[in-house]
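Understanding the architecture of this molecule
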Amino acid sequence: MKGFQLIFFTQQNQQHGGLPLCEWLLREARAIGVQGATVMAATEGYGRSLKLHAAHFFELADQPVQVTMLTSEALANTLFHRLREEGLKIFYARVPIEFGSTEDWDEPINP
């Protein structure tokens, strides 16, 4: 299947609708039919402000978080439409890809 890899970059302390932004993104993606998404927490990183964001032993609020999903063009467009409706400003990457599952292969592999 052809589609997009969407990667959203945020921090643990960013909120929307009373939820951490990464959780809000997961719920929205699931609600519109995106079949899977992954949240990954990073040790540290920085954005265009060049301010270092890091997870500290006693405080994880500033920890960088990445939300990744693979989806069709139609669902990617639907998700971006929702982000615009909500007035969210999130840095992202949108990369064209081919994706699927090996269980969907019909033909045997010839060595």
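Before any of the text, the structure's been laid out above.
Residues numbered from 1 in each chain as written. Predicted model: local features only at pLDDT ≥ 70, side-chain atom pairs only at ≥ 80, totals over all residues. Heavy atoms only, no water.

1. Focus on the packing of aromatic side chains
Tallying each qualifying case throughout the model produces four aromatic pairs. Relative to Y92, the ring of F8 has its centre 6.4 Å away and its plane inclined at 45 degrees; by these criteria the two rings are tilted. Of the two residues, F8 sits in strand β1 (residues 2-11) while Y92 sits in strand β8 (residues 91-98), which places them 84 residues apart along the sequence. Residue Y92 is classed as partly exposed on the basis of its relative accessible area, which comes to 39%. Measuring from centroid to centroid gives 4.7 Å for F80 and Y92, while their planes differ by 55 degrees, and the two rings are tilted. Here F80, found in helix α2 (residues 73-86), pairs with Y92, found in strand β8; they are twelve residues apart in sequence, far enough to count as distant. For F80, a relative accessible area of 8% gives the class buried. Ring-pair connections join several aromatic residues into one group, and the members of that group are F8, F80 and Y92. (Phe/Tyr/Trp six-rings, centres within 6.5 Å; stacked < 30°, edge-to-face > 60°. Helix = DSSP H or I, 4+ residues; strand = E, 2+ residues; numbered from the N terminus. Buried < 20%, exposed > 50% of the residue type's maximum accessible area, 1.4 Å probe, protein only.)

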